[in-house]
Amino acid sequence: MLDFNINEDGELLYNSNTKDIDYVNKDNLIKQIATNRIKSIVGNWFNSTIGANLEEFLGMPNNTKTATEITDRVKSALTYDEFLRESDIYFIPKIDRNIFSLKVFIKAQHDNSPILIDVIIDIVSGVKVINDFN
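Of note, Asp27 is situated in helix 1 (residues 26–39). One buried charged residue, Asp27, forms no salt bridge at all, with the nearest opposite charge on Lys26 at 8.4 Å. A polar atom in the side chain of Asp27 sits 3.1 Å from the backbone nitrogen of His110. For Asp27, the contacting residues outside a window of four places in its chain are Ala108, Gln109, His110, Asp111 and Ile115.

So, in structure tokens, the structure goes:
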């Protein structure tokens, strides 16, 4: 399975070596789909049931209860429709003063290194989802 490679802003990427649109497959495709599900808001895509709706947590108390709710929301976005299995996902949450961060580790299917996605919610200024490209 493969898909178009897109950047953080949703723009298609160009592969200068092949002089064509760039594609992702295998673990890179899993990472791209997982990142998009975490970033998505239900109803914003053609499939209105997929998304973590993390913006709903802006302004909420940055505490253990909220951290659990965020983690559950991300887990649900990734396991909904059996895209990933719960046993293939591991989370490391961290609560700071105004920032909640969640490291999402996904068991790679084609490589030895896990897939890593960083989710950062600054309760004042917004949500940021970062791929670890290394």
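Take the sheet that holds strand 5 (residues 89–95) next. Strand order in the open sheet formed by four strands is 5-6-7-8, and the pairing between neighbours is antiparallel. The two strands at the open ends of the sheet, each matched to only one other strand, are strand 5 and strand 8 (126–131). Here the strands of the sheet are splayed against their neighbours by 15 degrees on average, with no regard to which way each runs. Sheet analysis places strand 5 next to strand 6 (residues 99–106), joined by seven bridges and oriented antiparallel.

Running from amino to carboxyl end, helix 1 crosses helix 2 (residues 64–79) at an angle of 130 degrees, the nearest separation of the two axes being 9 Å. By the angle class used here, helix 1 and helix 2 are oblique. Where helix 1 crosses over helix 2, the two elements pack in a sense that is right-handed. Taken together, the residues of helix 2 that come into contact with helix 1 (itself represented by Ala34, Arg37 and Ile38) are Val74, Ala77 and Leu78. Of the residues that constitute the contact of helix 1 with helix 2, the class distribution is five nonpolar, no polar and one charged.

Turning to the side chain of Asp118, a few remarks are in order. Within the element layout of this structure, Asp118 appears in strand 7 (residues 115–122). A distance of 2.8 Å separates a polar atom in the side chain of Asp118 from a polar atom in the side chain of Lys103. Discounting residues that sit within four places of it in the chain, Asp118 has contacts with Leu102, Lys103, Lys128, Val129 and Ile130.

Let us now look at the pairing of strand 8. In this sheet, strand 8 lies alongside strand 7 in antiparallel orientation, the contact comprising six bridges. The partner of Val119 across the bridge, within strand 8, is Val129. The antiparallel hairpin formed by strand 7 and strand 8 contains three residues in its connecting segment.

It is worth spelling out the packing of aromatic side chains at this point. Taken as a whole and judged by the stated rule, the model has one aromatic pair. Look at Tyr90 and Phe105: their rings are 6.4 Å apart centre to centre, the planes differ by 45 degrees, and that puts the pair in the tilted class. One end of the pair, Tyr90, is in strand 5; the other, Phe105, is in strand 6, and 15 residues separate them in sequence. Classification of Tyr90 as exposed rests on a relative accessible area of 52%. A residue is classified by how much of its surface remains accessible, and Phe105, at 24% relative accessible area, is partly exposed.

Conventions used here
- Residues numbered from 1 in each chain as written.
- Predicted model: local features only at pLDDT ≥ 70, side-chain atom pairs only at ≥ 80, totals over all residues.
- Heavy atoms only, no water.
- Helix = DSSP H or I, 4+ residues; strand = E, 2+ residues; numbered from the N terminus.
- Buried < 20%, exposed > 50% of the residue type's maximum accessible area, 1.4 Å probe, protein only.
- Lys, Arg positive; Asp, Glu negative; His and termini not counted.
- Salt bridge = Lys/Arg side-chain N within 4 Å of Asp/Glu carboxyl O.
- Polar contact = N/O pair within 3.5 Å; in protein donor to acceptor, adjacent residues only side chain to side chain.
- Contact = heavy atoms within 4.5 Å.
- Pairing = 2+ DSSP bridges.
- Axes fitted to C-alpha atoms, helices over the stretch in contact; angles between N-to-C directions.
- Parallel < 35°, antiparallel > 145°, perpendicular 65-115°, else oblique.
- Left-handed = near helix turned anticlockwise from the far one by under 90°.
- Nonpolar A, V, L, I, M, F, W, Y, C, P; charged D, E, K, R; others polar.
- Phe/Tyr/Trp six-rings, centres within 6.5 Å; stacked < 30°, edge-to-face > 60°.

By themselves these figures say nothing about function.
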